[in-house]
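Okay, here's what each chain looks like letter by letter:
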Amino acid sequence: MIISVLFDIIYSIALVVFLPMLFYRGIKQGRYRRGWGHRFGFVPVRNSSRRCIWIHAVSMGEVNATQTVIEQLKHSFECDIVISTTTDTGYDRALHLYGRDHMVFFYPFDFSWSVKRALKRIKPNICILMELEVWHNFTYYTWKNSIPTIVANGRISSGKGFPRYKRIAWLVRPMFGRLDRVLAQDQEYAERFSYLGVPNNKIITAGSLKYDTAQTELPVVGQEDMAKALNLAQSDRLWVAGSTGPGEEEAILSTYRTLINEPELTGLKLVIVPRKPERFDDVARLIEAEAFKFIRYSQIKTGQTQASGEEQVILGDTMGDLRKFYALAHSIFVGRSLTAMGGSDMIEAVALAKPTIVGPYTENFSDSMAKLRAGKGIIEITRVDELPESVKSTLLDSNRAQDLARCGRQVVIESKGATARTIQIVKDLLKV
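Draft legend 1. Expanded view of the environment of Val-43. Secondary-structure assignment places Val-43 in the loop between helix H2 (36-39) and strand S1 (51-56). Excluding its chain neighbours within four sequence positions, the residues that come into contact with Val-43 are His-38, Phe-105, Phe-106, Ala-118, Arg-121 and Ile-122.

Draft legend 2. Quick look at unusual backbone geometry. Residues Leu-218 and Pro-219 are joined by a peptide bond in cis, for which omega reads 5°. With respect to the element layout, Pro-219 can be found in the loop between helix H11 (209-213) and helix H12 (223-229). A positive phi angle is found at Ala-291, which is not glycine, with a value near 65°. Topologically, Ala-291 is positioned in the loop between helix H14 (280-289) and strand S10 (294-296). Note on Ala-291: relative accessible area 65%, which makes it exposed. Even without glycine at this site, Ala-353 takes up a positive phi of about 60°. When you line up the elements, Ala-353 lands in the loop between helix H17 (347-351) and strand S13 (356-358). Overall, Ala-353 belongs to the partly exposed group, its relative accessible area being 31%.

Draft legend 3. Representation of the layout of surface pockets within the structure. As a volume, the second largest pocket reaches approximately 240 Å³. For the second largest pocket, the full set of lining residues is Ala-227, Lys-228, Leu-232, Ala-233, Gln-234, Asp-236, Arg-237, Leu-238, Leu-328 and His-330. Of all elements in the fold, only H12 and strand S8 (237-244) reach the threshold of two or more residues within the lining of the second largest pocket. A class-by-class count of the residues in the lining of the second largest pocket yields 5 nonpolar, 2 polar and 3 charged.

Draft legend 4. Region of the structure containing the sheet that holds strand S11 (residues 313-315). On the basis of which strands lie adjacent, the open sheet formed by 7 strands has the order S10-S11-S9-S8-S12-S13-S14 and parallel pairing. Each having just a single partner strand, S10 and strand S14 (379-380) make up the two edges of the open sheet. In this fold H14 packs onto strand S9 (268-274), S10 and S11, with an angle of close to 165° to the strand it touches most, S10.

Draft legend 5. Geometry of a nonpolar patch on the surface. Residues Val-5, Ile-9, Ile-13, Val-17, Phe-18 and Met-21 make up a contiguous nonpolar surface patch of roughly 550 Å² in combined accessible area. Its location among the elements puts Ile-9 in helix H1 (residues 2-28). What makes Ile-9 partly exposed here is its relative accessible area of 47%.

Draft legend 6. Representation of a positive patch on the surface within the structure. On the surface, a cluster of positive charge is contributed by Lys-160, Arg-164, Arg-167 and Lys-276. Along the chain, the position of Lys-160 falls in the loop between strand S5 (149-154) and helix H8 (161-167).

Conventions used here
- In this numbering scheme, every chain counts its residues from 1 along its sequence in written order.
- Per-residue local features of the predicted model are confined to residues with pLDDT of at least 70, and side-chain atom pairs are confined, for both listing and counting, to 80 or more; whole-chain, interface and lining totals are unaffected and use all residues.
- With hydrogens and water stripped out, all remaining heavy atoms of the structure feed into the side-chain values.
- Working definition: helices are DSSP H or I runs of at least four residues, strands are E runs of at least two. Numbering for both runs from the N terminus.
- Note on definitions: a residue-residue contact is assigned when non-hydrogen atoms from the two residues lie within 4.5 Å.
- Buried residues are those whose accessible area, probed at 1.4 Å on protein chains only, stays under 20% of the maximum for their type, while exposed residues exceed 50% and partly exposed ones sit between those limits.
- For each structure, a 1 Å grid was placed over the protein atoms alone; sets of points admitting a 1.4 Å probe that cannot get out are labelled cavities, open sets with protein on both sides within 12 Å along at least five of seven lines are labelled pockets, and lining residues have an atom within 4 Å of a point.
- Grid points are joined across faces, edges and corners, and a volume is the space filled by probe spheres set on the points.
- Under this grouping Gly is polar, as are all residues other than the nonpolar Ala, Val, Leu, Ile, Met, Phe, Trp, Tyr, Cys and Pro and the charged Asp, Glu, Lys and Arg.
- Two strands form a pair only when DSSP identifies at least two bridges running between them.
- The axes are straight lines fitted to the C-alpha atoms, using for helices just the contacting stretch, and the angles between their N-to-C directions are given from 0 to 180°.
- Patches in this entry comprise residues that are over 30% relatively accessible and not in a salt bridge; like charges within 9 Å are linked, as are nonpolar side chains (Val, Leu, Ile, Met, Phe, Trp, Tyr) within 5 Å.
- In short, Shrake-Rupley with a 1.4 Å probe defines the accessible areas, and a residue's cover is counted only from the protein chains shown.
- The working definition used for a salt bridge is a side-chain nitrogen of Lys or Arg within 4 Å of a carboxyl oxygen of Asp or Glu.
- When charges are counted, Lys and Arg are positive and Asp and Glu negative, with His and the chain ends excluded.
- By convention, charge coordinates are those of NZ in Lys, CZ in Arg, CG in Asp, or CD in Glu.

Laid out in structure tokens, this is it:
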């Protein structure tokens, strides 16, 4: 109890310090404007006598990873499933996927009173935390109330996450030690959870849920409608740069300018999909400054304009459409990997049997990269100046592109199974 009070004090100081930044982002970027009641524990009240499974997924990526788990939970249990998220994009994605059938809300801040209030209103029988969202008061009060709490799809990145936790290992080991199970994506992540205090007999190497949620067959729902909306011709070739981050779009546009001057690459178009929505406008200004003919997909999607088919660059400035862009692609670059940002999820791209390129910074997906390297299912460049030739090879060497795409897809298919392992653990803890 004393430790909880200490954490409440730390959280209060942190909230005061970061409040100006939250206001700034709310005004400038439209973030953190919603859900403040939820964040202080005033989540919706669940009035049901059925058992309840609370799933928490921080942002859109984690929400997407819940899909096969929630589908199987509905088949396996007579229960209520509620979903919480932290970010605005995660909340919107959860509403889109689950809002009709399930309660969706923002995850409470880890103040003791917020957590206690939320648990009292939800009355969960088990809590599933996606990837790594372990907080002191939450694990303390679920433990105190005998509510099993597990981490599914568990991972602790080597970039920032693990080094930060190591520095305060003495402080975080009690909260990690209260977890009932951790289903780690790979052995390396399992060892990190063990170091941070999870007993070895409670850690299972279960694989990544993203393999299970990845679509491996075409067409993707909405793919053909998108192609019509973009006015794509049969002769057009699409290079898609997905989940890009700061400092990458300049290199991508430079690469594209090089490629369109190649006589063999007529009809080549570029799609750029920034990872974070608050960067859409900045990237639009950058494309405009580079004097490319471009169009924003949001304007097409909302009927504000129509694609002429003459656009060189398409800015994917909507949420939830990346898979459709990937499905239309002839070559894919997965971003946040040219600069030191840890990489973005490349599984969705290779699962669709598309030749896929990443940069040297993919440490957040080390297990997936190890499998794809071994299976010869991905191109990994070490320098920015290698990007033009790598893209060119996937567009012009059809045999190489097909072999690369087929091998990548096979790696994904062989790596499925994490959902079944997760459901079994839930059954064991609920004694079903």
